[in-house]
Amino acid sequence: MAARLDALEARVAALERERAALRHRPESPSPVSPADVPLPADDDPFWVVGEDAPLLTPARRRACAGAWAIDLADQRWFWSASYYDLFGLPRSIKPSHEHWIASIHPDDRARVEAEYRHALAADGLQHIEFRILRNGEVRWLHSEGRVLLDAGRPVRVTGIVWDVTERKQAEDAARAAERLAQQRLTELENLYRNAPVGLCLLDRDLRYLRINERLAEINGFPAAAHLGKTLRELLPTVADATEPLLREVIATGRPLYNQEALGETPSRPGVERSWQTHALPVRDVEGDITGISIVVEETTERRQAELALRESARRKDDFLAALAHELRNPLAPLGTGLDIMAEQGRGLPWAEQTVEKMQRQLSQLVRLVDDLLDVSRIDRGRIELRREQVAIAEVLEQAVDTSRPLLDARRHRLTLELPPAPLLVDADPVRLGQVFTNLLTNAAHYTKPDGVLVVRINAVAGECVVRIEDNGVGIAPELLPRIFERFVSDHSQTDARGLGIGLHLVRCLVHLHGGQVEAHSDGPGRGSTFVVRLPCLVDAEVCEQRHVPPAPVPASGGGRRVLIVDDNRDAADCLDLMLRFRGHNTRVVYDGFSALRVGADFRPDVALIDIGMPEIDGCETAERLRATDWGRHVLLIAVTGWSQDEVRARTRAAGFHHHLVKPVAAAVLGELLAAPATVP
């Protein structure tokens with residue numbers, strides 16, 4: 001018995017050396033053959049369970065194995081001590097079929113019972129894996145047993161059982177990882193196949209190794225027709241521009257992003273298509289580049305939409321420019337006529353009041369036209385600032401003068417608080433004046449008659465801060481965040497009307513100067529404050545030293561010989577009448593050819609020439625005039641309804657000295673005509 005016990009102990013200990021292999025080879029036979037487990041005698045201490053019975057050695061315990069045997073003749077069951085430990089059973093339980101089945105997990109009992117019965121009937125080797133609940137924990141066990149025969153009849157069953165929980169967990173983890181990997185692979189395959197962008201894989205020779213349906217559709221060939229073919233073989237026009245870039249990716253390993261490509265494909269012959277392409281190098285496990293992965297997004301429709309949008313914007317700008325021109329042409333004689341009436345009606349209160357009101361409304365109309373054009377130019381980035389060092393107080397004073405008619409008409413009291421020393425800014429004085437004129441006009445409109453406006457200028461932390469305050473109708477809280485947006489205005493609190501572009505233009509122009517503008521209000525009826533912040537150019541002390549009043553314009557005695565050229569007869573005739581009232585000698589013609597003919601006899605000092613004339617326009621008229629002996633030293637002034645920068649560039653190139661936009665203010669024209677007669 002001792003020898004038999006030692007042999008069994010050695011075989012059970014061998015389990016410890018074989019467990020790792022068993023985890024990966026579940027089909028492998030047990031390290032102890034069930035046939036080698038003898039049927040114990042009644043006095044065998046290995047099988048006898050009792051308080052004083054010897055237990056398995058530590059080696060047997062570490063092997064997590066237990067032995068079992070069944071005497072089929074009298075249905076006696078035998079469990080080793082380690083078997084009890086393995087199942088977590090108290091040794092007071094007598095080995096039996098009922099206790100064995102009860103120790104198995106409820107979900108596995110029926111299956112295990114069936115496999116056990118089948119093994120007895122088949123007289124074969126039994127392999128059963130099942131779960132148990134040991135101290136509340138689920139464990140997996142593997143049981144192997146062999147049915148032994150005597151004269152062809154089963155007489156006993158012997159076997160061993162061991163813990164395979166770790167192996168089962170490893171197998172479950174491996175299966176879960178495999179399922180996850182398969183799921184990820186399926187997702188990637190679906191993404192590759194159904195992606196809304198084109199995807200392909202090229203080798204180092206730029207041959208297609210793989211391609212999805214979207215890119216095949218873009219290229220105009222079935223996906224299978226791409227495989228093994230080069231990019232040039234399929235798409236030669238695309239390859240001309242793309243191949244060098246792809247070969248550079250292979251050579252350098254640097255990915256290529258957002259590369260625009262143009263070309264034709266068989267799917268849409270004769271149509272230039274555009275794509276946004278990304279190319280990334282593909283490397284093997286050793287880091288060597290084996291090919292390129294390419295992502296292609298077709299942008300043809302988007303590009304066409306962008307081109308159409310730009311064309312639409314261009315047409316809109318052309319329309320606005322033409323509209324402004326057509327509006328300014330009738331405004332020109334109106335403005336000139338009002339200037340004449342103002343001069344001739346001096347001393348007549350009714351005439352002065354009437355002309356003043358008409359001039360104010362005309363100025364408002366002109367400003368609306370200018371604002372419309374300026375907004376369009378800013379949106380297209382066509383505004384060019386002519387910066388210079390300017391004293392901001394001077395710009396504000398000019399803006400106040402410009403707004404004075406409206407302020408006086410509404411009987412507003414304006415207080416202008418200037419700093420002790422001038423503050424210089426780097427700005428376009430015309431555009432900056434436009435900013436403050438719009439703000440003052442806005443305050444005047446949105447303040448009820450007899451209101452109070454205060455303008456303050458301060459230097460704060462290197463910034464020039466201009467505050468324009470009013471006690472007007474205020475701004476509703478929900479409108480305040482949008483007050484500088486285009487076409488936003490509030491007509492509910494006042495009778496003021498407008499297009500809602502003045503404040504939008506203010507913000508755009510201030511931003512172009514590198515500044516900021518803010519609006520503040522405590523709500524309806526609480527007034528408003530607009531704050532403009534611009535970077536100061538230099539310290540106030542330096543500004544004061546550098547501030548020099550502008551020199552007066554020298555005047556010439558007597559009138560000038562002025563040739564007026566405009567196909568708008570009303571505008572030309574009104575301008576002629578005004579200049580003759582001011583003592584100038586004038587001639588009027590209505591086309592460019594007449595200007596050249598009459599000018600040769602008249603020998604003018606100054607020529608006021610419209611640009612948009614039929615037959616030969618104003619620029620060509622000026623060029624021809626400058627080419628004559630008599631016209632070489634004539635002061636050329638363009639008087640036109642066109643104000644775009646490109647038109648101004650044309651007039652400068654044609655030889656014009658000044659570019660005035662209709663309607664021309666009489667004071668501005670008077671200053672130009674009062675300048676010295678000598679022209680280079």
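Everything quoted here is computed from the prediction, not taken from an experiment.

Student: Looking at this structure, how should I read the overall build of the protein?
Tutor: Along the backbone of the protein there are 21 helices and 22 strands. Relative to its 680 residues, the protein shows a buried fraction of 45%. Within the protein, counting contacts between residues at least 6 apart in sequence, those at least 24 apart form 60% of the total. As presented, the protein carries roughly 34500 Å² of accessible surface, and 53% of it is formed by carbon and sulfur atoms.

Student: When you look at the nonpolar core in this model, what are you seeing that I'm missing?
Tutor: Nonpolar side chains tend to gather and get buried jointly when the protein is soluble and globular. Of all hydrophobic cores here, the largest spans 42 residues; its most connected members are Ile 392, Phe 436, Leu 439 and Val 466. Of all the secondary-structure elements, those providing two or more residues to this core are helix H13 (392-409), strand E13 (424-427), helix H14 (429-445), strand E14 (452-460), strand E15 (463-470), helix H15 (502-512), strand E16 (516-520) and strand E17 (528-535). Among the elements that line this core, the one with the most residues is H13, at eight residues. In contact with Phe 436, not counting residues within four places along its chain, are Ile 392, Val 395, Leu 396, Ala 399, Val 466, Ile 468 and Val 532. Core analysis: the next-biggest nonpolar cluster, separate from the first, contains 25 residues, Cys 200, Tyr 208, Leu 246 and Ile 289 among them.

Student: Can you walk me through the pattern of salt bridges in this structure?
Tutor: Summed over the entire model, instances satisfying the criterion amount to 36 salt bridges. Among the salt bridges present, the one from Arg 139 reaches Glu 137, with a minimum N-O distance of 3.0 Å. The exposure class of Arg 139 is buried, given its relative accessible area of 15%. Across the salt bridge formed by Arg 456 and Glu 469, the nearest N and O atoms sit 2.8 Å from each other.

Student: Just to check I follow, could you spell out the sheet that holds strand E10 (residues 289-298) for this structure?
Tutor: Backbone hydrogen bonds are what pair the strands of a sheet, in a parallel or an antiparallel way. Spatially, five strands are ordered E7-E6-E10-E9-E8 in an open sheet, and the strand pairing comes out antiparallel. In this open sheet, the two edge strands, each paired with only one partner strand, are strand E7 (208-211) and strand E8 (256-263). In this sheet, adjacent strand axes meet at a mean angle of 25° when their direction is disregarded. Where E8 meets strand E9 (residues 273-283), six bridges bridge the pair, whose relative direction is antiparallel. By the bridge assignment, Leu 262 is partnered in E9 with Ser 274.

Student: How do you make sense of the side chain of Asp 428 when you look at a structure like this?
Tutor: Mapped onto the elements, Asp 428 comes out in the loop between E13 and H14. Engagement of the side chain of Asp 428 in a polar contact is seen with the backbone nitrogen of Arg 386, the distance being 2.9 Å. Apart from the residues within four sequence positions on either side, Asp 428 is in contact with Glu 384, Leu 385, Arg 386, Arg 387 and His 513.

Student: Help me out: how do you make sense of a nonpolar patch on the surface in this one?
Tutor: Taken together, the side chains of Phe 319, Leu 323 and Leu 327 define a hydrophobic patch exposed on the protein surface, amounting to about 260 Å² of accessible area. Secondary-structure assignment places Leu 327 in helix H11 (residues 300-344). Judged by its relative accessible area of 33%, Leu 327 is partly exposed.

Student: So what exactly am I meant to see when it comes to the packing of H14 against H15 here?
Tutor: The description of two helices packed together rests on the angle between their axes and the distance between the axes. Across the interface, H14 lies against H15 with an axial gap of 9 Å and an inter-helix angle of 145°. The handedness of the crossing between H14 and H15 comes out as left-handed. Two secondary-structure elements touch here, H14 through Arg 431, Gln 434, Val 435, Asn 438, Leu 439 and Asn 442 and H15 through Gly 502, Leu 503, Leu 505, Val 506, Leu 509 and Val 510. Of the residues contributing to the contact of H14 with H15, the split by class is seven nonpolar, four polar and one charged.

Student: Hey, could you run me through the packing of aromatic side chains in this one?
Tutor: In this description, a pair of aromatic rings is defined by centroid distance and the angle of the planes. According to the stated counting rule, one finds eight aromatic pairs in the structure shown. Their ring planes at 35° and their centres at 5.8 Å tell us that Trp 77 and Trp 100 sit as a pair that is tilted. Pair noted here: Trp 77 is in strand E2 (residues 76-79) and Trp 100 is in helix H4 (residues 97-102), with a separation of 23 residues, a long-range link. Owing to a relative accessible area of 9%, Trp 77 belongs among the buried residues under this scheme. A connected cluster of aromatic rings, assembled from ring pairs, spans Trp 79, Tyr 83, Tyr 84, Phe 87 and Phe 130. Geometry around Phe 602 places Arg 561 over its ring, the cationic atom sitting 4.4 Å from the centre. Here the basic side chain of Arg 569 rests over the ring of Tyr 590, its NZ or CZ set 4.0 Å away from the ring centre.

Student: For this particular structure, what's the right way to read the environment of Ser 293?
Tutor: Its place among the elements puts Ser 293 in strand E10. Look at Ser 293 and you get partly exposed, because its relative accessible area is 30%. For the pair Ser 293 and Leu 280, spaced 13 residues apart in the sequence, the C-alpha separation amounts to 5.2 Å. Aside from chain neighbours lying at most four places away, what touches Ser 293 is Cys 200, Leu 201, His 278, Ala 279, Leu 280 and Val 282.

Student: Looking at this structure, I do not really get the pairing of E15. What am I missing?
Tutor: Put simply, side chains in a regular strand alternate between the two faces of the sheet. Counting buried residues in E15 gives six out of eight residues, a clear majority hidden from the surface. Pairing between E14 and E15: eight bridges, direction antiparallel. Within E15, the residue paired with Val 455 across the bridge is Ile 468. Adjacent in sequence and paired antiparallel, E14 and E15 are bridged by two residues, among which Ala 461 carries a positive phi angle near 50°. Where E15 meets E17, eight bridges bridge the pair, whose relative direction is antiparallel. Across the sheet, Asp 470 pairs through a bridge with Ser 528, a residue of E17.

Student: It is not clear to me how the sheet that holds E14 should be interpreted in this structure. Could you clarify?
Tutor: If you walk across this open sheet you meet the five strands as E12-E14-E15-E17-E16, and the pairing is mixed. Sheet topology places strand E12 (413-417) and E16 at the edges, where each strand pairs with a single neighbour. Each strand of the sheet is rotated relative to its neighbour by a mean of 15°, with strand direction disregarded. Alignment of E16 against E17, held across five bridges, turns out to be antiparallel. Paired with His 520 across the two strands is Thr 529, which belongs to E17. Packing against the sheet, H13 makes contact with E12, E14, E15 and E17, and its axis sits at approximately 170° to E14.

Rules used throughout
Residues numbered from 1 in each chain as written. Predicted model: local features only at pLDDT ≥ 70, side-chain atom pairs only at ≥ 80, totals over all residues. Heavy atoms only, no water. Helix = DSSP H or I, 4+ residues; strand = E, 2+ residues; numbered from the N terminus. Buried < 20%, exposed > 50% of the residue type's maximum accessible area, 1.4 Å probe, protein only. Contact = heavy atoms within 4.5 Å. Areas by Shrake-Rupley, 256 points an atom, 1.4 Å probe, with all protein chains shown as cover. Core = buried A, V, L, I, M, F, W, Y, C linked by side-chain atoms within 4.5 Å. Salt bridge = Lys/Arg side-chain N within 4 Å of Asp/Glu carboxyl O. Pairing = 2+ DSSP bridges. Axes fitted to C-alpha atoms, helices over the stretch in contact; angles between N-to-C directions. Polar contact = N/O pair within 3.5 Å; in protein donor to acceptor, adjacent residues only side chain to side chain. Patch = residues over 30% accessible without salt bridge, like charges linked within 9 Å, V, L, I, M, F, W, Y side chains within 5 Å. Left-handed = near helix turned anticlockwise from the far one by under 90°. Nonpolar A, V, L, I, M, F, W, Y, C, P; charged D, E, K, R; others polar. Phe/Tyr/Trp six-rings, centres within 6.5 Å; stacked < 30°, edge-to-face > 60°. Lys NZ or Arg CZ within 6 Å of the ring centre and 35° of its normal.

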